[in-house]
Amino acid sequence: MTLSTAQMRFWSPEVRELEPYVPGEQPKIQNLLKLNTNENPYPPSPKVVDAVQAVLTQQADALRLYPDPDATALKQAIAKQQHIEVSQVFVGNGSDEVLAHIFKAFFLQDEPILYPDITYSFYPVYSQFFGTKTKEIPLNENFEIEAKDYIQPNGGIVITNPNAPTSIAMGLPDIEQILKANPDRVVVIDEAYVDFGAESAVGLV
Ligand SMILES: Cc1ncc(COP(=O)(O)O)c(C=O)c1O
């Protein structure tokens, strides 16, 4: 949709300059599973269905109340499942919201943040939105991320693992090498697709 100048008069100047994010292809073919949106070929566990139904039947009254702003029960469950402390868990409405907090909190530095070229196409959009300086690091000829390329001055690092849309994963020793070389910078490992097969870096926290 092209907006008219009249429609855009409400917009902040910096938003007018933004290049909109275009979501990955969303075909409307029936019985097609979209791996790029993490769709599951299997139905939820019966325990999940029971838990959702229990909320609707036994605890529906709680829906008129404001939810726990700390999401304590959720954080406790995530911490238990990931074998980490509750204080190490931060929850958001999807990982794009968490990334927004990360960009604003950590990525407004004098040096550019580093991320691969190619990777999740939302990083450049957030960089533009928040005013983050960026340096895109080309993948190697096999479309892999090379740890050694992330050992250089930077204002932070964000790496999707496994990477999107290449689907190629980095091993933990490579991630550890990047972490050790950047003790004073925030290194984000975006594991949106980790359950398809890569090893999670949560244990390195
Ligand atoms: C690498 C990566 N990180 C984060 C996201 C955002 O995911 P969410 O739907 O949880 O906001 C996506 C979605 O495409 C993604 O591909």
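Criteria and thresholds
- Residues numbered from 1 in each chain as written.
- Predicted model: local features only at pLDDT ≥ 70, side-chain atom pairs only at ≥ 80, totals over all residues.
- Heavy atoms only, no water.
- Core = buried A, V, L, I, M, F, W, Y, C linked by side-chain atoms within 4.5 Å.
- Buried < 20%, exposed > 50% of the residue type's maximum accessible area, 1.4 Å probe, protein only.
- Helix = DSSP H or I, 4+ residues; strand = E, 2+ residues; numbered from the N terminus.
- Contact = heavy atoms within 4.5 Å.

A.B. asks: Lay out the nonpolar core with the relevant residues and their values.
C.D. replies: Residues Tyr150, Ile157, Ile159, Met170 and Ile178 are the most contacted members of the largest nonpolar core, which totals 15 residues. For this core, the secondary structure elements donating two or more residues are strand S3 (157–160), helix H7 (172–181) and strand S4 (187–190). Excluding residues that lie within four positions of it along the chain, Ile159 makes contacts with Pro116, Tyr123, Ile145, Tyr150, Met170, Ile178, Val188, Ile189 and Asp190. With 14 residues, the next largest nonpolar core counts Phe103, Ile113, Tyr115 and Tyr126 among its residues.

A.B. asks: Give me unusual backbone geometry: which residues, what numbers.
C.D. replies: Across the junction of Asn161 and Pro162, the peptide omega takes the value -5°, indicating a cis bond. Structurally, Pro162 is set in the loop between S3 and H7. At the junction of Ala164 and Pro165, the peptide bond is cis and its omega measures out at 0° in the coordinates. With respect to the helices, strands and loops of the structure, Pro165 is situated in the loop between S3 and H7. If you check the backbone angles, Phe143 has positive phi at about 65° while not being a glycine. Residue classification places Phe143 among the partly exposed positions, given a relative accessible area of 48%. Notably, Ser167 is not glycine yet its phi reads approximately 70°, a positive angle. Topologically, Ser167 is positioned in the loop between S3 and H7.

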